[in-house]
Amino acid sequence: MAFIEARDLVKTYSPKGSPEVRALDGLTLEVEKGSVTALLGPNGAGKTTTVKALTTLIKPDSGSAFIDGVDVFAEPQAIRRMIGASGQYAAVDQNLTGFENLVMVGRLYHLGARVARQRATELIELFDLVEAQNRTVKGYSGGMRRRIDLAGALVIRPPVLFLDEPTTGLDPRSRIGLWEVIEQLVNDGTTVLLTTQYLEEADRLADSISVIDNGRVIAKGTADELKASVGGLRVAVTVVDETQIDAARDILTRFGTGESAVLNGRTLVVPVQEGPVALAAIVSAAATKGIGLHDAGMRRPTLDDVFLQLTGHAAETEDSETESAA
Amino acid sequence: MSTTLKPIPGNAVSRFVSDGAVTTWRNLMKIIRVPEILLFSLIQPIMFVLLFTYVFGAAVVIPGSDYTSFLMAGIFAQTVVFGSTYSGSAMAQDLKDGIIDRFRTLPMSGAAVLVGRTTGDLVINTLSMLVMMGTGLLVGWRVKSSPLEFLAGVAILLLFAYAFSWVMAFLGMSVKSPEVINNASFLILFPLTFISNAFVPSENLPTPLRVFAEWNPVSALVQSARELFGNVPPGTVAGDAWPAQNPIATVLLGVAVLLIVFVPLSIRKFATISR
């Protein structure tokens, strides 16, 4: 049995006045001990619901889950003694200082006052919050809040860590800082299940990626395996004028070997057979048709392409997942 | 891998007490860090005491009593009832902020979070009672009963407030946002406290309102406090309704019912909620 194992999780919500939502639709997942597994998917795919189920916040309608052999839904209190969880929005008390927040969490894990304070001091140092430790969290920057929230998840040095979109909404610098912290933890042997909608994040942090869409895992493997499964080179072009996107799309479809897709607004991508030849043909056809291009190039498939191929839609969407996960 | 920290030895009771103490501490820290909350919950009753005494005091004639003596029990009751709504909006806010999610992933007692909430709010309610009493004494209110009766009067007000906090905490976990609690409680509690004997003797009200007032639990609370503080105007005739005849028993019964229903209901609710 894998260290974390979820079988056939189903969870439906019936929001008032709207049709039933199947947040989890038979989700099955395995995470090996000491590995980092990323749940990759767009907003509303069911990532947060999965984490909520595995961290004992919600009970699914059906299905089972075990962490280190302990039944998550039958023995939630035992599970809570072995997990740390850090959410998409920093769940720390705004009116307490960073230090007080960590001591509070330690006390609620029943570590005793002395150990709780000692551990808070260690974590404050680890997360580079010494200067800010005696200020209330209200005055922290977004990156600092994430760090104190993550620190809260590490108070007992849990063998299992759940990170729900740990870097969503952070600026690139804070994101990289947080990645470095997570990488350190992984080196210590902590088993991590993280969710992300950023392919780059999954690529960098995870040993294994489960692509999730509409409440199910639709593909899994290492980043390289997933990329290889999509195969071939890609040509991507960015048009100057958004109104010409359809015309550009026609050209891409003509010279590509598969469906062309809009990545974000003005960027189109298509799989091709002979990269340089296809690229030259596409650029020249665009010039003939008078379509201005900002950028045109060849590249190996990214996880973006994997996602696009598997789900038929791009990975990053703007609508909020909280609605479906509430 | 680095070793996971283990809890210190303890049984369910000591854990519960410890968790309750930590969450109460957290709620009281909020008052220290955001003193405006306490300030406003203190200013409002002071304002009510002064407004009613000086604006209505001249117009409302209570036979055999000055208006301030009559009024104070009403203000006390209204203030603790409104004070308890804070338990609801605070639970809703914690839910929205994700703090409840954090607590629920910890191996702590969920009931302790609710005990911490309601106990913390009891402390606020006690403080505002003290401030109101000081203000009342300044504008001429006097306790005309024994010290023991006086303490019983304070206790019954706070007991009711505590039970009502559990109702509000439950409602706070059942709504989508803290604003809903604030607006809804204003809409419901304002008539409830006004259509009572809190500010005017209910025997003078038109019949439908009088009947409502006599059965209104707020009236029973006000009447209990008024009796225990020795502030019942001489010659007052209690209404025919059982609660009007037996206010203290009504309040104690009400407190028992609210606690028996809403303590388990809230604890059960807490175990399933998430942002």
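The structure displayed is predicted, hence computed values, not measured ones. (Residues numbered from 1 in each chain as written. Chains lettered and ligands numbered in written order. Predicted model: local features only at pLDDT ≥ 70, side-chain atom pairs only at ≥ 80, totals over all residues. Heavy atoms only, no water.)

1. Observations regarding the side chain of glutamate 5 of chain A
All names here are of chain A. Mapped onto the secondary structure, glutamate 5 falls in strand β1 (residues 4–13). For glutamate 5, a relative accessible area of 9% corresponds to the buried category. Among the polar contacts made by the side chain of glutamate 5, one reaches the main-chain amide nitrogen of alanine 2 at a distance of 3.0 Å. Those residues in contact with glutamate 5 that sit more than four places away from it in its chain are Leu29, Glu30, Ser64, Ala65 and Phe66. (Helix = DSSP H or I, 4+ residues; strand = E, 2+ residues; numbered from the N terminus. Buried < 20%, exposed > 50% of the residue type's maximum accessible area, 1.4 Å probe, protein only. Polar contact = N/O pair within 3.5 Å; in protein donor to acceptor, adjacent residues only side chain to side chain. Contact = heavy atoms within 4.5 Å.)

2. Let's talk about the UniProt feature "transmembrane region" (unreviewed entry) in chain B
This chain's UniProt record puts "transmembrane region" (unreviewed entry) on residues 37–61, 67–86, 122–144, 150–173, 180–200 and 248–267 of chain B. Along residues 150–173 of chain B, the helical share is 100% and the strand share 0%, with 35 Å between the first and last C-alpha atoms. (UniProt positions renumbered as here; feature names shortened; annotations may be inferred.)

3. Description of the pairing of strand β10 (residues 216–221) of chain A
All names here are of chain A. Judged from the five bridges that link them, strand β9 (residues 208–213) and β10 form a sheet pairing that is antiparallel. Residue pairing for β10: valine 211 is matched across the bridge by alanine 219. In sequence, β9 turns back onto β10 through a hairpin of two residues, with asparagine 214 there showing a positive phi of about 50°. (Pairing = 2+ DSSP bridges.)

4. Some points on the sheet that holds β1 of chain A
Residues and elements named next belong to chain A. Taken together, four strands build an open sheet; the order of strands is β2-β1-β4-β5 and the sheet is antiparallel. Two strands in the sheet have a free side with no partner beyond their single neighbour: β2 (21–31) and β5 (70–71). Across two bridges, strand β4 (residues 62–67) lies against β5 in antiparallel orientation. Residue pairing across strands places isoleucine 67 opposite valine 70, the latter belonging to β5.

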